[in-house]
Amino acid sequence: MTRDEFTTIARNGLWKQNSSLAQLLGLCPLLAVTTNAVNGIMLSLATIIVMAIANVAVASLRNFIPHEIRIPVFILIVAALVTVVDLLFNANLHELYIVLGIFIPLIVTNCIVLARVEAFAAKNPPLNSTVDGVFMGLGMLWTLGLLGAMRELLANGTLFGGIDMVFSSLHPIQLLPENYPGFLLGMLPPGAFILLGCMIAAKNWMDARAARRARQLPPTPVEALGCH
Amino acid sequence: MTAARQFTASSMAVRTAAILFVFVIAFTGLLSAAYKWTKPAIEASALEEKMKLLNDVLPAGDYDNALIDDTLQLPPTDALGLLEPSTVYRARKQGQPVALIFEAAAPDGYAGKIKLLVALRADGSIAGVRVTQHKETPGLGDYIDPRKDKNKAGPWINQFVGRSLANTPDKAWRVRKDGGQIDFHAGATISPRAVAKAVRKAVQWADGERDRLFLEKRP
């Protein structure tokens, strides 16, 4: 893999084709989980692990998979690997499993894994595919972390609520005054939709401004794949 | 459609099916191997987690028997608010009864049932109470669970420790707002009220059943 390829994959994952902001993939777990920054980051970490493994497996086997039955085979590979990761976590890293455990089964239903396998790993060598999986996950990490942080700040006035479940020595940060009345909409799914919409708008605005500065036409938006 | 093309199509189908079959076999094999390999470790950590919960309500130094093995199955018990069978753990030290650890449930939480684990010493006083499952409002009523309680030094649930039917009259097993002795956080009375009531009922039930439960042989 050349340096250029690496930069392109990294840029795509982190910004240009960001799974949550551009491809709009995996919205269902995204909305359900990002009630605080810690949950969003934890789900993303679990996704990074699963995507890297799934991408490597599919990229290595891609020459043996007939085109017609690629989707069932991909589903089989992804579901089997997620279950194996779930079991290994439970057995060997039990402390971490208590924290990440509830997120791992969510990833099976997260179509971002299948989408990256289909769009990237099926056409690229294993090393590039691993990097793609990791950076797609990292893109998801900052987006979900930011969305979670905004939601909990709006709803409770705290930051990193639930961090004591991960590191028992750390405590959530109370950013707004203790008597902040709370704003329940931030905690509920509609609040997540509205804030995600704002983040997508901000990204599009920044892209459009960058394109104007470069005296180019704004980039055509990436077509959403239409799954949740 | 000619015979030759039909043959190609069906051989294609057979080939595709064979490949799919090989993938299914390979990945099912991988799954069952992983399951078999991780099973002992997963069971060990589930047991460890259970012991941790039990030791949360009753300090590990207070008993010397194998708590996990000295159990009884209870039928669904109304007094405990349980509609399903549950397990009683019997703690002993040098053969003498120390405490009973059993499940209970408060049916009238703000959002559904609140499940509890209660440890009652042989002298009738409470050794500890923990909320094992609840759906109370996060940040409001969930301080009944010490993991969510902001007061880490003296979590709300600890005020049950040491209470018994002898030192706490019937009417005192209520939140202060209702004339009892149980503190609560302003704005969230329903969850602590439900827990206090369920703990009182569980203690009353266990007080009557204690001797029978300690003596009963394991089936």
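All values reported here derive from a predicted model rather than from experimental measurement.

Draft legend 1. Region of interest: the overall build of chain A. Along its length, chain A carries 10 helices and two strands. Traced from its N-terminal end to its C-terminal end, chain A shows the element sequence α-α-α-α-α-α-α-α-β-α-β-α. Counting over 228 residues, chain A shows a buried share of 41%. Look at the contacts in chain A between residues 6 or more apart in sequence, and 75% of them connect residues 24 or more apart.

Draft legend 2. Structural context of the overall build of chain B. When helices and strands are counted, chain B shows two helices and five strands. Order of helices (α) and strands (β) in chain B, N terminus to C terminus: α-β-β-β-β-β-α. Here chain B holds 219 residues, and 29% of them are scored as buried. Across chain B, the fraction of contacts at a sequence separation of at least 24, relative to all contacts at a separation of at least 6, is 51%.

Draft legend 3. Quick look at the sheet that holds strand 3 (residues 96-109) of chain B. All names here are of chain B. What the five strands build is an open sheet, ordered 1-2-3-4-5; its pairing is antiparallel. Looking along the sheet, the strands with just one partner apiece sit at the ends: strand 1 (71-74) and strand 5 (126-133). Ignoring strand direction, the axes of neighbouring strands in this sheet form an average angle of 25°. The sheet strands contacting helix 2 (residues 190-215) are strand 1, strand 2 (86-93), strand 3, strand 4 (112-121) and strand 5, and the helix crosses strand 3 at an angle near 145°.

Draft legend 4. Just the confidence of the model for chain B, in detail. Residues and elements named next belong to chain B. Averaged over chain B, the pLDDT score is 87; the fraction of residues at 70 or greater is 96%. Across residues 1-5, confidence stays below pLDDT 50; counting only partners more than four residues off in sequence or on other chains, it has one contact. ipTM for the predicted complex: 0.72, alongside a pTM of 0.69.

Draft legend 5. Summary view of the confidence of the model for chain A. Per-residue confidence for chain A gives a mean pLDDT of 83; residues scoring 70 or more make up 93%. Within chain A, no element has a lower average pLDDT than helix 9 (residues 163-166) of chain A, which sits at 69, and none a higher one than helix 8 (residues 126-155) of chain A, at 91.

Draft legend 6. Local environment of the interface of chain B and chain A. Between chain B and chain A, the contact holds 15 residues from the first and 17 residues from the second. Partitioned by chemical class, the residues of the side of chain B that touches chain A number 11 nonpolar, four polar and no charged.

Draft legend 7. View of helix 3 (residues 37-61) of chain A. Across its 25 residues, helix 3 of chain A extends 36 Å between first and last C-alpha, which sits within 8% of the 36 Å expected from 1.5 Å per residue. Most of helix 3 of chain A sits inside the fold, with 18 of its 25 residues counted as buried.

Draft legend 8. Representation of the packing of helix 3 of chain A against helix 4 (residues 70-92) of chain A. Residue and element names in this part refer to chain A. Packing of helix 3 against helix 4 leaves a shortest axis separation of 10 Å and a crossing angle of 135°. Taken together, the axes of helix 3 and helix 4 are oblique relative to one another. Helix-helix and strand crossings are classified by hand; for helix 3 and helix 4 the assignment is right-handed. Together, I49, V50, I53, A54, A57 and V58 of helix 3 and F74, I77, V78, L81, V82 and V85 of helix 4 make up the contact between the two elements. Its residues placed into classes, the contact of helix 3 with helix 4 shows 12 nonpolar, no polar and no charged.

Draft legend 9. Here's a closer look at the nonpolar core. One finds V50(A), A54(A), I77(A), V78(A) and V113(A) to be the most contacted residues of the largest nonpolar core, which totals 51 residues. For this core, the elements supplying multiple residues, two or more each, are helix 2 (27-33), helix 3, helix 4, helix 6 (104-108), helix 7 (111-121), helix 8 and helix 10 (189-213) of chain A together with helix 1 (3-57) of chain B. For this core, the element with the highest residue contribution is helix 3 of chain A, accounting for 13 residues. Leaving out residues up to four positions away in the same chain, V50(A) has contacts with L81(A), V82(A), V85(A), I107(A) and V113(A). Grouped together as the second largest cluster of nonpolar side chains are 44 residues, A91(B), V131(B), A194(B) and V199(B) included.

Draft legend 10. Just unusual backbone geometry, in detail. Even without being glycine, L24(A) reaches a positive phi, approximately 50°. For L24(A), the location among the structural elements is in the loop between helix 1 (3-16) and helix 2. A positive phi angle, close to 45°, is found at Q94(B), a residue other than glycine. Mapping Q94(B) onto the fold places it in the loop between strand 2 and strand 3. Residue Q94(B) is classed as exposed on the basis of its C-beta count, with 8 C-beta atoms lying within 10 Å.

Draft legend 11. Quick peek at the packing of helix 3 of chain A against helix 7 of chain A. All names here are of chain A. Relative orientation of the contacting elements helix 3 and helix 7 amounts to 40°, with a least axis distance of 10 Å. In terms of axis orientation, helix 3 runs oblique to helix 7. In terms of crossing hand, the pair formed by helix 3 and helix 7 is right-handed. Here V50, M51, A54, N55, V58 and A59 of helix 3 come into contact with helix 7, specifically with V113, R116, V117, F120 and A121.

Draft legend 12. Up close: helix 7 of chain A. Summarising burial for helix 7 of chain A: eight of the 11 residues are buried, a large majority. Those residues of helix 7 of chain A that are buried lie in contact with helix 3, helix 4, helix 6 and helix 8 of chain A.

Reading the values: rules and limits
- Residues numbered from 1 in each chain as written.
- Chains lettered and ligands numbered in written order.
- Predicted model: local features only at pLDDT ≥ 70, side-chain atom pairs only at ≥ 80, totals over all residues.
- Helix = DSSP H or I, 4+ residues; strand = E, 2+ residues; numbered from the N terminus.
- Buried ≥ 20, exposed ≤ 12 C-beta atoms within 10 Å, placed from the backbone.
- Contact = placed C-beta atoms within 7 Å.
- Pairing = 2+ DSSP bridges.
- Axes fitted to C-alpha atoms, helices over the stretch in contact; angles between N-to-C directions.
- pLDDT = per-residue confidence, 0-100.
- Nonpolar A, V, L, I, M, F, W, Y, C, P; charged D, E, K, R; others polar.
- Expected span 1.5 Å × (residues − 1).
- Parallel < 35°, antiparallel > 145°, perpendicular 65-115°, else oblique.
- Left-handed = near helix turned anticlockwise from the far one by under 90°.
- Core = buried A, V, L, I, M, F, W, Y, C linked by C-beta atoms within 7 Å.

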